[in-house]
Amino acid sequence: MKIMDKKIKQAVFLCGGLGTRLRPITKKIPKPMIEINKIPFLWYLLDKVSDNGINKFLLLTGYLGDQIQKYFGDGRNFNWSIEYSHGPIDWDTGRRIWEAKDKLEDNFLLCYSDNFVQIKFDAVYEKWIQDTSKIWMCLSKKNKGNVTYLDHKHVKYNNKRNKPSSNFVELGFIFTRKDLLIKLIRRIDDFPNINFSEVLTLASNCKKLCGYLIEDQYHSIGDIQRLEITRKYLTPKKIILLDRDGVINKKAPKGKYITDSRDFIFIKKSIKGLKILSEKGFKFIVITNQAGIATKDLTDRTLEDIHKKMITKLKKLNIEIIDIFISKDHWQSNNFRRKPNPGMFFEASSKHLFRLDKTFYIGDDLRDCEAAFNANCQGLIKSDKVIHKNLYTSIRFKDLEKMVPYILKKHTFYLNQHKHN
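Residues numbered from 1 in each chain as written. Predicted model: local features only at pLDDT ≥ 70, side-chain atom pairs only at ≥ 80, totals over all residues. Heavy atoms only, no water.

1. As for the overall build of the protein chain
The secondary structure content of the protein chain amounts to 12 helices and 19 strands. In terms of overall size, the protein chain behaves like a compact globule, its C-alpha atoms giving a radius of gyration of 24 Å where 421 residues would be expected to give roughly 22 Å. Relative to its 421 residues, the protein chain shows a buried fraction of 52%. The contacts in the protein chain between residues at least 6 apart in sequence include a share of 70% that link residues at least 24 apart. (Helix = DSSP H or I, 4+ residues; strand = E, 2+ residues; numbered from the N terminus. Rg over C-alpha atoms; globule rule 2.2 N^0.38 Å. Buried < 20%, exposed > 50% of the residue type's maximum accessible area, 1.4 Å probe, protein only. Contact = heavy atoms within 4.5 Å.)

See the structure below:
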């Protein structure tokens, strides 16, 4: 059971803006209803929140809000429960929250309707529940942002974006108590006709604001340029992430490294599985730790030669490796790029614009299970024995060839989600 099932059951979405930076698209439709793959962007947000265990939504609508309500209805067609609080288009975001106060639950998640980010809400919830007298918001690095962030307790909100130290931006996905938020709203001049940014500013000044840093890149529909990038990102892709040693090729003895291409021996059942997946249109990205560089057992030139020959041989079998991400850090290092940390996964997602939560990562040991979990991937582990009682939600198969039916079934389900909505 997800943690939030116990305390937070409602997510509230600000859906009333005019979307002026998206004109002429938003002349006839509200911003959250802009279609991506023939599905409104808002559906992707609701679906992501639902994946985190919250299925009860309150949509605060304004501009062309009837279109949102007509499409989503009461939510039962999507296995959700949806309510609405509709107001005039001239109501600002703070006013919309105030007017919906009777529909707000005691604790809730407040979301914007133009940002999409990979996030495990449980991690933020665990921070917030320790001190619910604070508002917790999710942050991302951004030049010329509106937030100064030193650590989660030292957060300064500045909506004017005029401070050089403000190198972060809030994404929404805000954990709060109703009574705290309403109390802050009432304290602001011109109440209730206020912008929600004024609430965050006051919370910051009162030391009631905390931040949770999201390391993965976020995607937005805030303007035309970012909308097009988000369209590419949310378009389903046939990409699978692979560990190298123990998945593609046989591992070197413990404590040793593959230091010569002649010692790079392909695993036959893995190659059979990759060939079947390739025939179905899948391409592959390798994500591998190669600490031999740091220990001086392996040179960059030799590693490059090994990978060049690996790619060439696989290409002859119509197996396409489209990229390789390598951590050359020492095995004692806790570098963010070195697995089980998720840095290389985030780099791959950012470069090739695919959703990690809809992508498989195939590994062969406990560290790969943990890496998949940290990156929010769907982990598959190639092992003929149980590695550990806690596989970080990864699913174990004896070999890669046996993974193929499961991968194809899950990918078909993912595609059908897009067709049926």
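2. A few points about the pairing of strand β15 (residues 283-289)
Counting buried residues in β15 gives 6 out of 7 residues, a clear majority hidden from the surface. The pairing of strand β14 (residues 239-242) with β15 spans 4 bridges and is classified as parallel. Bridge pairing in β15 places L241 opposite I285. In this fold, β14 hands off to helix α8 (residues 268-279), which returns the chain to β15; that crossover is right-handed. Pairing between β15 and strand β16 (residues 321-327): 6 bridges, direction parallel. Opposite I285, over in β16, you have D323 as the bridge partner. One crossover worth recording links β15 to the parallel β16 by way of helix α9 (residues 300-316), and it is right-handed. (Pairing = 2+ DSSP bridges. Right-handed = clockwise from strand over helix to strand, strands pointing away.)

3. Here's the deal with helix α6 (residues 196-205)
Given 3.6 residues per turn, any residue in an α-helix points the same way as the ones three and four places further on. Across the 10 residues that make up α6, a large majority, 7, are buried. Within α6, the full set of buried residues consists of F196, S197, V199, L200, L202, A203 and S204.

4. Remarks on unusual backbone geometry
The amide bond that connects R23 to the next residue, P24, takes the cis arrangement and shows omega of 10 degrees. Structurally, the position occupied by P24 is in the loop between β1 (10-15) and β2 (35-36). One non-glycine residue, L353, adopts positive backbone phi at about 55 degrees. The topology assignment puts L353 in the loop between α10 (343-352) and β17 (360-363). The class for L353 is buried, based on a relative accessible area of 16%.

5. Quick notes on the packing of aromatic side chains
In total, this model carries 19 aromatic pairs according to the counting rule given. The ring of W98 has K101 sitting right over it, with the charged end atom 4.0 Å from the ring centre. The ring centre of F282 lies 5.5 Å from the NZ or CZ of K238, which sits over that ring. (Phe/Tyr/Trp six-rings, centres within 6.5 Å; stacked < 30°, edge-to-face > 60°. Lys NZ or Arg CZ within 6 Å of the ring centre and 35° of its normal.)

6. Thoughts on the nonpolar core
Taken as a class, soluble globular proteins show a tendency for nonpolar side chains to be buried jointly. One finds F13, F57, L59, F72 and L109 to be the most contacted residues of the largest nonpolar core, which totals 48 residues. The element contributing the most residues to this core is helix α1 (residues 41-51), with 7 residues. Contact partners of F57, with chain neighbours within four places excluded, come to A11, F13, L46, V49, S50, W80, S81, I82 and E83. Within the second largest apolar cluster, 34 residues are counted, among which are I97, L139, V155 and I194. (Core = buried A, V, L, I, M, F, W, Y, C linked by side-chain atoms within 4.5 Å.)

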